[in-house]
Amino acid sequence: MEPDYTKLKKRPAHPFETLAVAIAFSPRLEAILMETKRMVNMFGSQLVIVHVGKKDTHHEDVLDKLINKINFSKIKYRVIWMEGEPVDTILKLCKLNIVDLLILGALEKENLYKYYVGSIARTISRRAKCSVLLLTNPSINPKKMRKIVVNGVDNPKTIHTLKATQYLARNEKITDFTVVQEVNTPMLSMAIAESGTEPEVSKIKKEMQEEDFNKLNSIINSIDSQGVQIDLKVVKGKPGYAISHFARQNHYDLIVFNSPDTHLGIFDRIFTHDIEYVLADMPCNLLIIHSRV
Amino acid sequence: MSVISHHDLVVLLIGMATMLILSRVASEMARGAKLPVVMGEIVIGIVLGPTLLGNFAPEISNYIFPAEGHAALALNAITKIAVVMMLFVAGMEVQLPLVLKQGKAAVFTSVLSMIIPFFIGFVTAWYFPEWFKQLPEYRLLFALFFGTALAISALPVIARILIDMGLFKTKIGMIIIASAMFNDLIGWLIFSFILSSIKSPDASGDYTYTIFYIIGFGLLMLTVGRKLLDKIMPWMQQKLSWPGGVLSISLGICFLSAAFTESIGIHAILGAFIAGIAIGDSVHLKEKAREIIYQFVTNIFAPLFFVSIGLRVNFVENFDLRLVLLVLFVAYIGKVSGAAIGARIGGFTRNESLAVGFGMNARGAMEIILGTLALQAGLINETIFVALVIMALITSLTSGPLMRLYLDDSYFNTNKQIENN
């Protein structure tokens, strides 16, 4: 039977009613499942465990034992085994099951070949039609996220991303998170290099920064705080790189981005920009909010 | 080792001082009148060169700017270095990720704003060579050059116009900027091919190696070279004195790259331009260092270059009204229609698309550099050069007002409202 895709259209980015976790039988499997369990309990979601590969008794046994060990008894979950090309299969299963958040394990940095060709986790995060959480250092003793930073880019999706982050922060019982506005005006330097007096140049720069700042500030002010305070910080540098560097320097636990506007391909990795800087070298866990707007 | 004589050194220094001081005065006046700064510099060149001073007081003109001798040679070398450095900073402006980021609209606008003017320019020069009085052996190269000259744009002028109109960060502004970057990249690649073909004309007409070298060098520098420079940039900024270390190493890389392309038969400008893209793209290059490089080049070397243009060419003798009108006509038709069609397909309204077209029409300093190099290479005559310079200035002057014509008040009000909020 053809699934009802109309349920996906305009579906809000949160609450995360259905979580999915894509697993491989790697040494990090237990840690990934432990982190997932914490998320499922926190959001009160149902869970879909996906494995792309041949279903055999050995792997089934391993997974069953692990699930029993972790104790999923109070969780509403299903395990789906499916063969096929991993990325397409996982994305298809997420669509079929109206998944709101897909959890994946990811290395902080892939080797060059894998990065350019595209690892499974990173390719999914570029193409997914649902929100994706990439966990860089999953632990069998998961800890709550304390420091969250959101990319406050000028985009209609940002307000939905902020609201989804606020929802996450509330569930994590965090009282505040940071929104970073990246300021990057390289072309401005050349445009005003020959034809601007010092006060004029400063004025233009200030006006441009204020324009962006005010725009983002008005978005933040339009969100009902619900006990979670949003701090706005301005960071200079290239979009994507600046926030990634900021997150690394300040030891954030989670960095949050809007889902990409365009299909990201190999050229976006060669001429790196925005989220690709984070995917190239992840400073911490990455949450990509797909707002379906 | 040959050294410059005491007299020649004095002449050179007086010449350079005259060029810098007068061009600054003229530039400030141009800036006050909201005209492109380059216009003031060119006017000073015309005043000091054969058009005016050389005509009315040839002895003074010949003393300050002698046509031969060591002082002339030194000034010529300085202006050549100036071109290399100007192409370097032009390259630093090209942010290829920005083009990718803008998506479909930028792809259509940039490709069509390149192809259509190129095609119109090529066809005009190819089928009507008598209008241009060109050397018959350069028919193909001239047609390619004329197409390129119509397709190129002037990023700094365009950016300035967008800033003044408050459109710099709008969707229209970003599409214009991204498309202009793409035009510049492809335009300079084609122009490098033309120049290298003039320098080493292949009797068989086989340009395979030239194209291979240009594409190979471009790809290598923009992938491996760019990544390597990005890796060494933090080291440079931390270990070397700042900003002196970054400045000298960056310009050193620019000259090395320019020397390399010149030595393999491609013009030095390509090496400088590509080195500029590679260095300018580094996430580690501090804004202050970038600004210092711009200030250094645009306020010292660019005026010397633009004033020197007027010293070489008599703008009155070589003014041909018919040719100027023809060049202006094809320049407007090609660029405005190409960019507007691209923007329309990319999802903009009719009026917004025309605004994009007129925004991209500004040719400014880049066109003048292109024309000067073609003139020095013997590809074009002085009459065509003068027509190109006039076209560059008029397109730059009319770009802003014509854009405004197609963007109604509500558009600016919407932007203002967003700003106020």
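Residues numbered from 1 in each chain as written. Chains lettered and ligands numbered in written order. Predicted model: local features only at pLDDT ≥ 70, side-chain atom pairs only at ≥ 80, totals over all residues.

**Quick notes on the overall build of chain B**
Helix and strand counts for chain B stand at 19 helices and zero strands. Rg of the C-alpha trace for chain B: 21 Å, near the compact-globule value of 22 Å for 421 residues, within the 12% margin. Every one of the 421 residues in chain B was classed for burial, and the buried ones make up 54%. Contacts spanning at least 24 positions in sequence make up 80% of the contacts within chain B whose residues lie at least 6 apart. (Helix = DSSP H or I, 4+ residues; strand = E, 2+ residues; numbered from the N terminus. Rg over C-alpha atoms; globule rule 2.2 N^0.38 Å. Buried ≥ 20, exposed ≤ 12 C-beta atoms within 10 Å, placed from the backbone. Contact = placed C-beta atoms within 7 Å.)

**A word on the pairing of strand S1 (residues 18–22) of chain A**
All names here are of chain A. Across the five residues that make up S1, a large majority, five, are buried. Residues of S1 alternate between two faces, with Thr18, Ala20 and Ala22 on one and Leu19 and Val21 on the opposite face, all of them buried. Sheet analysis places S1 next to strand S2 (residues 46–52), joined by five bridges and oriented parallel. Pairing of Ala22 across the sheet is with Val50, part of S2. Remark: the S1/helix H1 (residues 29–43)/S2 crossover connection has right-handed handedness. (Pairing = 2+ DSSP bridges. Right-handed = clockwise from strand over helix to strand, strands pointing away.)

**Focus on the nonpolar core**
Ranked by internal contacts, the top residues of the largest apolar core, which has 150 residues, are Met86(B) and Ile158(B). Among the elements that line this core, the one with the most residues is helix H10 (residues 171–199) of chain B, at 14 residues. Residues Ile124(A), Cys130(A), Ile148(A) and Val150(A) belong to the second largest nonpolar core, which totals 67 residues. (Core = buried A, V, L, I, M, F, W, Y, C linked by C-beta atoms within 7 Å.)

**Description of the packing of helix H16 (residues 350–360) of chain B against helix H18 (residues 382–406) of chain B**
The description of two helices packed together rests on the angle between their axes and the distance between the axes. Residues and elements named next belong to chain B. Where H16 contacts H18, the axes come no closer than 8 Å and their chain directions differ by 180°. With respect to their mutual orientation, H16 and H18 come out roughly antiparallel. From H16, Asn351, Leu354, Ala355, Phe358 and Gly359 reach across to H18, where they touch Ser399, Leu402, Met403 and Tyr406. In terms of residue class, the contact of H16 with H18 is built from six nonpolar, three polar and no charged. (Axes fitted to C-alpha atoms, helices over the stretch in contact; angles between N-to-C directions. Parallel < 35°, antiparallel > 145°, perpendicular 65-115°, else oblique. Nonpolar A, V, L, I, M, F, W, Y, C, P; charged D, E, K, R; others polar.)

**Here we look at the confidence of the model for chain B**
Residue and element names in this part refer to chain B. Confidence in the prediction for chain B averages 88 pLDDT; 95% of positions are at 70 or higher. Mean pLDDT values for the elements of chain B range from 53 in helix H19 (residues 409–420) up to 96 in helix H15 (residues 321–345). The complex prediction reports pTM at 0.85, with the ipTM value standing at 0.79. (pLDDT = per-residue confidence, 0-100.)

**Details of the domain arrangement of chain A**
All names here are of chain A. Each assigned domain of chain A is listed here: domain 1 (1–143) and domain 2 (144–293). For domain 1 versus domain 2, the separation of C-alpha centres amounts to 26 Å. Each partner contributes residues to the interface: domain 1 has 26 residues there, and domain 2 has 24 residues. When contributions to the side of domain 1 that touches domain 2 are tallied by element, the ones reaching two or more residues are H1, helix H4 (112–117), helix H5 (120–127) and strand S5 (131–135). Counting residues per element, the side of domain 1 that touches domain 2 draws most heavily on S5, at five residues. Looking at the side of domain 1 that touches domain 2 residue by residue, the classes come out as 14 nonpolar, four polar and eight charged. (Domains from an automatic or database assignment.)

**Observations concerning the interface of chain A and chain B**
A common way to express how large an interface is: the accessible area buried when the components associate. Facing the 27 residues of chain A at the interface are 30 residues of chain B. Within the residue set of the side of chain A that touches chain B, elements represented by two or more residues are helix H7 (186–193), helix H8 (198–222) and helix H10 (266–270) of chain A. In terms of residue class, the side of chain A that touches chain B is made up of eleven nonpolar, eight polar and eight charged.

**Describing the packing of helix H11 (residues 208–239) of chain B against helix H12 (residues 244–263) of chain B**
All names here are of chain B. The N-to-C vectors of H11 and H12 enclose an angle of 160°; their axes lie 12 Å apart at closest approach. Classified by the interaxial angle, the pair formed by H11 and H12 is roughly antiparallel. For the element pair H11 and H12, the recorded crossing hand is right-handed. Of the residues in H12, those in contact with Phe217, Met236 and Gln237 of H11 are Gly245, Val246, Ile249 and Thr261. (Left-handed = near helix turned anticlockwise from the far one by under 90°.)

**Observations concerning the sheet that holds strand S10 (residues 285–289) of chain A**
Residue and element names in this part refer to chain A. Overall, mixed pairing links the ten strands, which are arranged S3-S2-S1-S4-S5-S10-S9-S6-S7-S8 in an open sheet. Two strands lie at the open edges of the sheet, namely strand S3 (77–82) and strand S8 (229–236), each paired on one side alone. On average, adjacent strands in this sheet sit at an angle of 20° to one another, irrespective of strand direction. In this sheet, S8 lies alongside strand S7 (residues 176–183) in parallel orientation, the contact comprising eight bridges. Residue pairing for S8: Val183 is matched across the bridge by Lys236. Relative to S1, H1 is tilted by about 175°, and along the sheet it contacts S1, S2, strand S4 (101–105) and S5.

**Looking at H15(B)**
Residue pairs three or four apart in sequence face the same way in an α-helix, which turns once every 3.6 residues. Compared with an ideal rise of 1.5 Å per residue, which puts 25 residues at 36 Å, H15(B) spans 36 Å between its outermost C-alpha atoms and is within 8% of the ideal. The first or second residue beyond H15(B) is Gly347(B), which carries a positive phi of 110°. (Expected span 1.5 Å × (residues − 1).)

**So, the pairing of S4(A)**
Residue and element names in this part refer to chain A. Judged by how many residues are buried, S4 sits mostly within the fold: five of five residues are covered. Of the two faces of S4, both are covered, the one formed by Leu101, Ile103 and Gly105 as well as the one formed by Leu102 and Leu104. Where S1 and S4 come together, three bridges link them in parallel fashion. Residue pairing in the sheet places Val21 in a bridge with Ile103 of S4. Pairing of S4 with S5 involves five bridges; the strand directions are parallel. Bridge pairing in S5 places Ile103 opposite Leu133.

**Digging into unusual backbone geometry**
Residue and element names in this part refer to chain A. For the bond running from His14 to Pro15, omega is 5°, close enough to zero to count as cis. By the element assignment, Pro15 lies in the segment before S1. Although it is not a glycine, Lys173 sits at a positive phi angle of roughly 60°. One can find Lys173 in the loop between helix H6 (158–172) and S7.

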